[in-house]
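# Summary of the model geometry
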Amino acid sequence: MTSHLFLIGFMGSGKSTIGKLLAQELKYTFIDLDTFIESSHQNSISELFAKHGENGFRIIEKNSLHELQSFQHIVVACGGGTPCFFDNMDWMKSIGEVIFLHCSPDSLFDRLKSEQAHRPLIRDFEPMALKQFIIKKLDERMPYYTQANIQVFELKDKSASTRWIIESLEST
């Protein structure tokens, strides 16, 4: 099994939750890419967005992602937009396995509406605008997300999702 596993999907799709379970089961180290970036740059993601704009943040994100190549046996929860910029998707696939966590727009909306204050891309949306944003962004990102090596469709049981991912990895 590869030593680099990358979880991708829209914000709120469960990448951190599933990533921690997956890392625990495989005895890998879990890394949340956003937390790694915040630690490296001594700024929150919101502060980095404010200082550098989205384009500047995406450069920081790409550079931070590439730093992880020297790590071994890691499960990385990527930001929702990570695979959609530069060559990030091709790069992740070249050094490991990419796992896409599918989640419906309705489920994402239910999860994200209470987290808006902590997420710079959705902070200022009213509820209906948030739902439309999720639908639009998910549609834009789907061509990137579906390039993943493994796709996991919304399972209610996180343990079942984790077992399914491990079985899929073992069969590749």
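The structure presented is a predicted model; accordingly, all values stated were derived computationally and were not measured.

## Side note on the pattern of salt bridges
Taken as a whole and judged by the stated rule, the model has eight salt bridges. Linking E115 and R119 is a salt bridge whose minimum nitrogen-to-oxygen distance equals 2.7 Å. The structure contains a network of salt bridges with shared partners spanning E54, R58 and E61.

## Re the sheet that holds strand β3 (residues 74-77)
In any sheet, the strands associate via hydrogen bonds between backbone groups, in a parallel or an antiparallel arrangement. Taken together, five strands build an open sheet; the order of strands is β2-β3-β1-β4-β5 and the sheet is parallel. Because the sheet does not close on itself, it has two edges, and the strands there are β2 (29-32) and β5 (150-152). Averaged over neighbouring strand pairs, the angle between their axes works out to 20° when direction is ignored. Relative to β3, β2 is paired through four bridges, and the arrangement is parallel. In the strand pairing of β3, I31 is matched with V76.

## So, the pairing of strand β4 (residues 97-101)
Within a regular strand, side chains alternate between the sheet's two faces. For β4, a buried count of five out of five residues is recorded, marking the element as mostly surrounded by other parts of the structure. Burial of β4 is two-sided: the residues E97, I99 and L101 facing one way and the residues V98 and F100 facing the other way are all buried. With four bridges connecting them, strand β1 (residues 4-8) and β4 associate as parallel partners. Residue pairing across strands places L5 opposite E97, the latter belonging to β4. Relative to β5, β4 runs parallel, the two sharing three bridges. Across the sheet, residue F100 finds its bridge partner in β5, namely Q151.

## Some words on the packing of helix α1 (residues 15-26) against helix α7 (residues 158-170)
The interhelical angle for the contact between α1 and α7, taken along N-to-C directions, is 55°, at an axis separation of 9 Å. As far as their axial angle goes, α7 and α1 are oblique. α1 and α7 meet at a crossing whose hand is right-handed. In contact with T17, I18, L21, L22, E25 and L26 of α1, α7 contributes K158, S161, T162, I165 and I166. A per-class count over the contact of α1 with α7 returns six nonpolar, three polar and two charged.

## Description of the side chain of E97
Residue placement: E97 occurs in strand β4. Here E97 is buried and forms no salt bridge, its nearest opposite-charge partner K93 lying at an N-O distance of 8.5 Å.

## Digging into the state of the cysteines
In total, this model carries zero disulfides according to the counting rule given. Between C78, a cysteine without a disulfide, and C84, which holds the nearest cysteine sulfur, the sulfur-to-sulfur distance is 11 Å. Residue classification places C84 among the buried positions, given a relative accessible area of 14%.

## Considerations on the layout of surface pockets
Here the largest pocket defines a volume of roughly 800 Å³. Forming the boundary of the largest pocket are 40 residues, of which M11, G12, K15, S16 and R119 lie nearest the centre. Looking at the lining of the largest pocket, the elements that each hand over two or more residues are α1, α2 (33-41), α3 (45-67) and α7. The element that contributes the greatest number of residues to the lining of the largest pocket is α3, accounting for six residues. When its residues are assigned to classes, the lining of the largest pocket shows 14 nonpolar, 14 polar and twelve charged.

Calculation notes
- Residues numbered from 1 in each chain as written.
- Predicted model: local features only at pLDDT ≥ 70, side-chain atom pairs only at ≥ 80, totals over all residues.
- Heavy atoms only, no water.
- Salt bridge = Lys/Arg side-chain N within 4 Å of Asp/Glu carboxyl O.
- Pairing = 2+ DSSP bridges.
- Helix = DSSP H or I, 4+ residues; strand = E, 2+ residues; numbered from the N terminus.
- Axes fitted to C-alpha atoms, helices over the stretch in contact; angles between N-to-C directions.
- Buried < 20%, exposed > 50% of the residue type's maximum accessible area, 1.4 Å probe, protein only.
- Parallel < 35°, antiparallel > 145°, perpendicular 65-115°, else oblique.
- Left-handed = near helix turned anticlockwise from the far one by under 90°.
- Contact = heavy atoms within 4.5 Å.
- Nonpolar A, V, L, I, M, F, W, Y, C, P; charged D, E, K, R; others polar.
- Lys, Arg positive; Asp, Glu negative; His and termini not counted.
- Disulfide = S-S within 2.5 Å.
- 1 Å grid on protein atoms, 1.4 Å probe; cavity = no way out; pocket = protein on both sides within 12 Å on 5 of 7 lines; lining within 4 Å.
- Points joined across faces, edges and corners; volume = space filled by probe spheres on them.

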